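What follows is each chain in one-letter form.
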Amino acid sequence: MTTLRSEIDANFDSFQRQLQASLARHRGEYALLRHGEIVKFFVDPGAALTAGVKHFPDGMFSIQEVSDEPLDLGVWSHA
Amino acid sequence: MPELNWRHNGRRIVIPAAILRADNPADLSYETVTALVDTGATSSGIMPHVVETLALLPHSKRLVKGAHGEAMVDGFVFRVGLFADSDCGASTTALPYVFDAIMGLRFSPSEHFAAIIGMDILSQCDFLVARNGSCRLTFG
């Protein structure tokens, strides 16, 4: 049985392979993914989450920001 | 516009904040936390006990950069609310102003605060720190 963790990991791997192509048209947006496929892009993560909950009641989906820049942790960088 | 005025203690800038789930926009129940205002953080974050209290699930993997290099961490979608001033400071009994959902992080525990307000929220505010210790955050 697929767990949420393995779903997120598989979706992330697939998303990374498609990232360069996605950046051209969707930089800064949020991709809703399920079973390794990008379902749709959203302008904010809340809309992506609401759509995921509505369309996939089993909870097996993930959301990735279309970005190739790592986040900075700020004060927590040194924790 | 709602605003929050307070004084920092010379060591860190913390404010009361509300953390809300994001899967149902109509659900305005929240967890009140002490939050660090951190202009150096790209994203806001919450501590593990807040994740557990709100029963949040991870929905993302994110690459973060820290003093010890880069690492992958879980991303969580949640909402942040701020409390505007009443006559005697921030009124945490009134409904908070709630920002649109963000993709935030789960940070390791701190004894001083339970959330970090990063630039994803601060960039939607006017933020003033004066040399006499007074601070003002205007939002909405």
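Right above here is the structure, for reference.
Here the structure is a predicted model, which is why all the values come from computation and not from measurement.

J.: How should the sheet that holds strand β2 (residues 37–42) of chain A be read in this particular structure?
T.: All names here are of chain A. If you trace the 3 strands from one edge of the open sheet to the other, you get β2-β1-β3, paired in antiparallel fashion. Only two strands of the sheet have a single neighbouring strand rather than two, namely β2 and β3 (62–65). Pairs of neighbouring strands in the sheet enclose a mean axial angle of 30°, with direction left out of account. Sheet topology places strand β1 (residues 30–34) next to β3; 4 bridges connect them, and they run antiparallel. Along β3, the bridge assignment pairs Tyr30 with Glu65. Sitting on the sheet, helix α2 (residues 45–55) is in contact with β1, β2 and β3, with an inclination near 20° to β1.

J.: What's the story with helix α1 (residues 4–26) of chain A in this structure? I'm lost.
T.: In an α-helix, one full turn covers 3.6 residues, which means residues spaced three or four apart are oriented alike. Residue and element names in this part refer to chain A. Its 23 residues give α1 an end-to-end C-alpha distance of only 25 Å, which falls more than 12% under 33 Å, the value for a rise of 1.5 Å per residue. Of all the bends found along α1, the most pronounced is centred on Leu19 and spans about 60°. Within α1, the full set of buried residues consists of Glu7, Ile8, Asn11 and Phe15. Taken from the residues just after α1, Gly28 is the one with a positive phi, measuring 85°.

J.: What is the right way to look at unusual backbone geometry in this model?
T.: For residues besides glycine, phi is generally negative; the peptide bonds are generally trans as well. Of note in the backbone geometry, A:His35 takes a positive phi value of approximately 50° without being a glycine. Tracing the sequence through the fold places A:His35 in the loop between β1 and β2. Residue A:His35 is classed as partly exposed on the basis of its 13 C-beta neighbours within 10 Å. In this model, B:Ala55 sits at a positive phi of 55°, which is unusual for a non-glycine residue. Mapped onto the fold, B:Ala55 is located in the loop between α1 (48–53) and β5 (60–66). We classify B:Ala55 as exposed; it has 7 C-beta atoms within 10 Å.

J.: Is there a simple way to explain the interface of chain B and chain A in this structure?
T.: It is common to give the size of an interface as the accessible area lost on bringing the parts into contact. Opposite the 30 residues of chain B that make contact, chain A presents 23 residues. When contributions to the side of chain B that touches chain A are tallied by element, the ones reaching two or more residues are β5, β6 (69–82) and β10 (102–106) of chain B. By residue number, the principal contributor to the side of chain B that touches chain A is β5(B), which donates 7 residues. Among the residues making up the side of chain B that touches chain A, the classes are represented as 15 nonpolar, 8 polar and 7 charged. Here strand β4 (residues 71–72) of chain A runs beside β5(B); their pairing, made up of 2 bridges, is parallel. The residue of β5(B) that forms the bridge with A:Asp72 is B:Lys65.

J.: How should I be thinking about the pairing of β6(B) in this particular structure?
T.: One face of the sheet, then the other: side chains in a regular strand alternate in exactly this way. Residues and elements named next belong to chain B. Looking at chain direction, strand β2 (residues 14–21) and β6 are connected through 5 bridges and run antiparallel. Across the sheet, the residue bridging to Arg21 is Phe78, located in β6. Relative to β6, β5 is paired through 7 bridges, and the arrangement is antiparallel. Note on β6: the bridge partner recorded for Ser60 is Gly75. Two elements, β6 and β10, share 4 bridges in a ladder whose sense is antiparallel.

Definitions and limits used
- Residues numbered from 1 in each chain as written.
- Chains lettered and ligands numbered in written order.
- Predicted model: local features only at pLDDT ≥ 70, side-chain atom pairs only at ≥ 80, totals over all residues.
- Pairing = 2+ DSSP bridges.
- Helix = DSSP H or I, 4+ residues; strand = E, 2+ residues; numbered from the N terminus.
- Axes fitted to C-alpha atoms, helices over the stretch in contact; angles between N-to-C directions.
- Contact = placed C-beta atoms within 7 Å.
- Expected span 1.5 Å × (residues − 1).
- Bend = angle between axes of the 7 residues up to and from the residue.
- Buried ≥ 20, exposed ≤ 12 C-beta atoms within 10 Å, placed from the backbone.
- Nonpolar A, V, L, I, M, F, W, Y, C, P; charged D, E, K, R; others polar.

From the geometry alone we can't say anything about function, so treat these as descriptive.
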